[in-house]
Amino acid sequence: MIEFKTFSNGFPYIEVTNSVASAKIALHGAHVFEYKKEGKSELLWLSSLALFEENKPIRGGIPICWPWFGPHSDSALPQHGFARISRFTFVSCDEKDEATSIVTLKLTDSPKTRIVWDFSFELLVTITISKKLHVSLKTTNTDIKEFKITQALHSYLSVENISDVEVFGVKNCTYFDQLSKTMEVQKDDLHINQEIDRIYTHLNKNIILKEKNRAIFLQNSNSNSLVIWNPWSEKAKFIKDMQDYEYKNMLCIESANVLDDYKILQPNCSITLGLKLSYISY
Ligand code: TA6
């Protein structure tokens with residue numbers, strides 16, 4: 001079942017419920033901000049202070065960073081691009097069977113996007129709500145000239161206690177430490193006990209996030225870079241749309257195309273970045 005709903009301020013979202021899972025998706029940013037498999041706890045973290053307003057990113061869920069990741073060289077342009085602060089158009093909802101709902105949303109260039117990024121494009125976001133949550137981000141160059149993008153599915157995963165988290169799949173991988181601005185090598189599986197902001201490079205492996213009572217499996221497609229971020233206590237104080245203590249309950253693990261994993265798209269060509277998230281039972 002799919003329902004079109006609004007918050008009290010008129011902010012629109014889609015609620016999807018089927019026999020195995022449910023999800024909420026904002027038209028703003030094609031942003032999945034809740035996903036839960038039947039009988040399981042919420043998979044995505046959402047800030048208790050998240051803003052659901054036009055032209056503001058939502059803190060939590062899966063923001064789409066596109067057509068650039070991180071800050072732009074022109075500091076007047078929005079961090080992480082404009083997709084996450086743009087209103088998408090609803091294309092379709094296909095209820096394939098009673099356990100699989102597929103929502104498709106679209107963004108194309110407009111006079112507003114042309115001011116910040118002067119290209120013609122189509123961005124198609126397909127969200128499959130089933131036993132797994134699958135988000136795919138298809139960029140098509142509808143222009144007559146090539147363009148370059150960096151991008152990320154900036155997923156915020158909910159965790160019971162960040163100090164108990166282990167991340168498997170990054171051992172022996174190289175990363176760019178955004179805090180020290182140095183290249184490093186991950187010697188062991190990852191445990192987090194301080195601020196972390198890393199871009200793992202040449203990494204196309206699947207990742208497991210394990211906690212005391214549950215584990216999440218992340219499968220990437222067309223991504224050779226992975227971002228891991230937690231602001232920890234000090235930085236969290238400067239983030240207005242999250243509570244100081246909420247860093248304990250989240251970890252961002254982001255399928256990306258960043259640094260030298262950027263993509264150049266020729267006219268009429270497409271590329272699809274994908275992320276599948278699922279619970280592992282144990
Ligand atoms: O993905 C990590 C990161 O780029 C961090 O550097 C951090 O700033 C974070 O994203 C959040 O960015 P935002 O613009 O949503 O506050």
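Visitor: Could you clarify how one ought to interpret the sheet that holds strand 8 (residues 121-129) in this entry?
Guide: Think of a sheet as strands paired side by side through backbone hydrogen bonds, with each pair either parallel or antiparallel. The strand order across the open sheet formed by nine strands is 6-7-8-9-23-19-18-13-16, and the pairing between neighbours is antiparallel. Whereas interior strands pair on both sides, the edge strands pair on one side only; in this sheet they are strand 6 (89-97) and strand 16 (190-191).

Visitor: Explanation requested: the site of the ligand in the structure shown.
Guide: Surrounding the ligand, one finds R59, F69, Q79, H80, R84, H154, D197, V227, W229 and E254. For the ligand, an oxygen atom lies 2.9 Å from a polar atom in the side chain of R84. Protein coverage of the free-state accessible area of the ligand, which is 390 Å², stands at 82%. Residue composition of the shell around the ligand, grouped by class: three nonpolar, three polar and four charged.

Visitor: Would you mind showing me how to read the pairing of strand 20 (residues 225-230) here?
Guide: Each regular strand carries side chains that alternate between the two faces of the sheet. Counting buried residues along strand 20, six of its six residues qualify, which places the element largely inside the surrounding structure. Neither face of strand 20 is open: one carries S225, V227 and W229, the other L226, I228 and N230, and all of them are buried. The pairing of strand 20 with strand 21 (residues 250-257) spans five bridges and is antiparallel. Note that in strand 21 the partner of L226 across the bridge is S255.

Calculation notes
- Residues numbered from 1 in each chain as written.
- Predicted model: local features only at pLDDT ≥ 70, side-chain atom pairs only at ≥ 80, totals over all residues.
- Heavy atoms only, no water.
- Pairing = 2+ DSSP bridges.
- Helix = DSSP H or I, 4+ residues; strand = E, 2+ residues; numbered from the N terminus.
- Near = heavy atom within 4 Å.
- Polar contact = N/O pair within 3.5 Å; in protein donor to acceptor, adjacent residues only side chain to side chain.
- Areas by Shrake-Rupley, 256 points an atom, 1.4 Å probe, with all protein chains shown as cover.
- Nonpolar A, V, L, I, M, F, W, Y, C, P; charged D, E, K, R; others polar.
- Buried < 20%, exposed > 50% of the residue type's maximum accessible area, 1.4 Å probe, protein only.

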